[in-house]
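These are the residues of each chain, in order.
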Amino acid sequence: MSTIDKSQSQINRRRFLQMLACGSLVAGFPSLVEASPRKFFQSARNLAFLNTHTGERLALTYFEQGRYLSDALQEVNYLLRDHRTDDVYDIDTALLDQLYNLRTMLGVNKPFHIISGYRSPYTNALLQERSSGVATHSLHMQGRAIDIRIEGFNTKHLRNAAIAMQAGGVGYYRRSNFVHLDTGRVRTW
């Protein structure tokens, strides 16, 4: 076998293994197979949250009849505010869609427990002083990141499902028992 043939064979094997892995993930989440693009864009999208710092709860429809509902988005923005400074910021609707897709994929109706939503520059700097794991230009400061868990649900499984979506960054914080999602480039840590 020539070098080119070996190289092509390795690429084909790698592609096959990637497809097999994706197929296994899809098989584990049958709701992915059942969802049609048309249904996704037309159906109402609901989310429920519990802010672990303030105790506030919110359950709402944030998207309906092909459009985002501005009153609902304002409620989400407020709930996901920086609890240290009370600063409110617009949360990226793509992040909400990630949460909705994750909830749908997992078939879970429990609220997302919010560890961190929006972070003001002040709070981000404060957290950076305490931990090396806080990014200087965190997507939390742009309303594009959220740290979550679901009561009674293994965060490792939550992480695996988020990774399978390939929708943005996914961080797994086993010791602190939460998963980070963001709308940045696809990456994991």
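Residues numbered from 1 in each chain as written. Predicted model: local features only at pLDDT ≥ 70, side-chain atom pairs only at ≥ 80, totals over all residues. Heavy atoms only, no water.

Caption draft 1: Structural view of the packing of helix α5 (residues 93-106) against helix α7 (residues 155-165). For the pair α5 and α7, the least separation of the axes is 10 Å and the interaxial angle reads 115°. Where α5 crosses over α7, the handedness of that crossing is right-handed. Mapping the contact onto sequence places Q98, N101, L102, M105 and L106 in α5 and L158, A161, A162 and M165 in α7. Partitioned by chemical class, the residues of the contact of α5 with α7 number 7 nonpolar, 2 polar and no charged. (Axes fitted to C-alpha atoms, helices over the stretch in contact; angles between N-to-C directions. Helix = DSSP H or I, 4+ residues; strand = E, 2+ residues; numbered from the N terminus. Left-handed = near helix turned anticlockwise from the far one by under 90°. Contact = heavy atoms within 4.5 Å. Nonpolar A, V, L, I, M, F, W, Y, C, P; charged D, E, K, R; others polar.)

Caption draft 2: A look at the environment of L69. Position of L69 among the secondary structure elements: in the loop between β3 (67-68) and α4 (70-79). With relative accessibility at 15%, the residue L69 sits in the buried group. (Buried < 20%, exposed > 50% of the residue type's maximum accessible area, 1.4 Å probe, protein only.)

Caption draft 3: Main features of the layout of surface pockets. Approximately 660 Å³ is the volume found for the largest pocket. In terms of lining residues, the largest pocket is bounded by 35 residues, among which R119, V134, H140, D147 and F178 are the most central. Residue assignment for the lining of the largest pocket shows that the elements contributing at least two residues are β4 (112-116), α6 (121-130), β5 (145-150) and β7 (178-182). (1 Å grid on protein atoms, 1.4 Å probe; cavity = no way out; pocket = protein on both sides within 12 Å on 5 of 7 lines; lining within 4 Å. Points joined across faces, edges and corners; volume = space filled by probe spheres on them.)

Caption draft 4: Highlighting the packing of aromatic side chains. Counted by the stated rule, this structure contains 4 aromatic pairs. Taking 6.1 Å as the distance between ring centres and 25° as the angle between the ring planes, the aromatic pair formed by Y62 and Y68 counts as stacked. Y62 sits in the buried class, given a relative accessible area of 0%. Exposure remark for Y68: the relative accessible area of 29% places this residue in the partly exposed category. Arranged with centres 4.7 Å apart and planes meeting at 20°, the rings of Y173 and F178 form a pair that is stacked. Look at F178 and you get buried, because its relative accessible area is 12%. Clustering of aromatic rings is evident, with ring pairs tying together Y62, F63 and Y68. Lying across the ring of Y78, R81 places its NZ or CZ 4.0 Å from the centre. (Phe/Tyr/Trp six-rings, centres within 6.5 Å; stacked < 30°, edge-to-face > 60°. Lys NZ or Arg CZ within 6 Å of the ring centre and 35° of its normal.)

That's the geometry; what it means functionally is another story.
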